[in-house]
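Here are the chains, one letter per residue:
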Amino acid sequence: MATNLSIDPKLIEEALAVSGERTKAAAVTRALEEFIARRRQKRLLDLMGKLEWDPGFDYKRERTRR
């Protein structure tokens, strides 16, 4: 999907430099992928201490091959 964006040229140049990508589109795509992954990780961290665990659950038994 073609999209026209007005992005600070200094940011694009820095993104190209630190990402190792060869094109602006690739650098922006990688930046968006990393942004999304980081936000998803943060949502998981926000759950810490909010979930109730079943003390009787045997996680070791669940990972054995059958």
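Here, the structure is the one placed above.
Bear in mind the structure is a predicted one, so any value in this text is a computation, not a measurement. (Residues numbered from 1 in each chain as written. Predicted model: local features only at pLDDT ≥ 70, side-chain atom pairs only at ≥ 80, totals over all residues. Heavy atoms only, no water.)

Enquirer: Tell me about the overall build of the protein chain, residues and numbers included.
Expert: In terms of regular secondary structure, the protein chain is built from 3 helices and 0 strands. When the backbone C-alpha atoms are referred to their principal axes, the protein chain occupies close to 55 × 30 × 25 Å. Burial statistics for the protein chain: of 66 residues in total, 6% are counted as buried. In the protein chain, the 15 positive side-chain charges and the 11 negative ones have mean positions that sit 3 Å from each other. (Helix = DSSP H or I, 4+ residues; strand = E, 2+ residues; numbered from the N terminus. Buried < 20%, exposed > 50% of the residue type's maximum accessible area, 1.4 Å probe, protein only. Lys, Arg positive; Asp, Glu negative; His and termini not counted. Charge placed at Lys NZ, Arg CZ, Asp CG, Glu CD.)

Enquirer: Can you tell me about a nonpolar patch on the surface, naming the residues and giving the values?
Expert: On the surface, a nonpolar cluster with roughly 490 Å² of combined accessible area is contributed by Leu-44, Leu-47, Leu-51 and Trp-53. Looking at the element boundaries, Leu-44 is found in helix α2 (residues 24-46). Overall, the relative accessible area of 58% leaves Leu-44 in the exposed class. (Patch = residues over 30% accessible without salt bridge, like charges linked within 9 Å, V, L, I, M, F, W, Y side chains within 5 Å. Areas by Shrake-Rupley, 256 points an atom, 1.4 Å probe, with all protein chains shown as cover. Salt bridge = Lys/Arg side-chain N within 4 Å of Asp/Glu carboxyl O.)

Enquirer: Can you tell me about the pattern of salt bridges, naming the residues and giving the values?
Expert: Taken as a whole and judged by the stated rule, the model has 2 salt bridges. Note that Lys-42 is salt-bridged to Asp-46, the shortest N-O span being 3.4 Å. A residue pair is termed a helical-turn pair when its members lie 3 or 4 positions apart in one helix, as Lys-42 and Asp-46 do in helix α2 at 4 residues. Classification of Lys-42 by relative accessible area gives partly exposed; the value is 47%.

Enquirer: Pulling in residues and values, what's your account of the side chain of Ser-19?
Expert: Here Ser-19 lies in helix α1 (residues 9-19). A polar atom in the side chain of Ser-19 sits 3.1 Å from the backbone nitrogen of Glu-21. Excluding residues that lie within four positions of it along the chain, Ser-19 makes contacts with Ala-27 and Arg-30. (Polar contact = N/O pair within 3.5 Å; in protein donor to acceptor, adjacent residues only side chain to side chain. Contact = heavy atoms within 4.5 Å.)

Enquirer: Give a detailed account of the environment of Asp-8, specifying residues and quantitative values.
Expert: The topology assignment puts Asp-8 in the segment before α1. Taking the C-alpha atoms as reference, Asp-8 lies 23 Å from Arg-39; in sequence the two are 31 residues apart.

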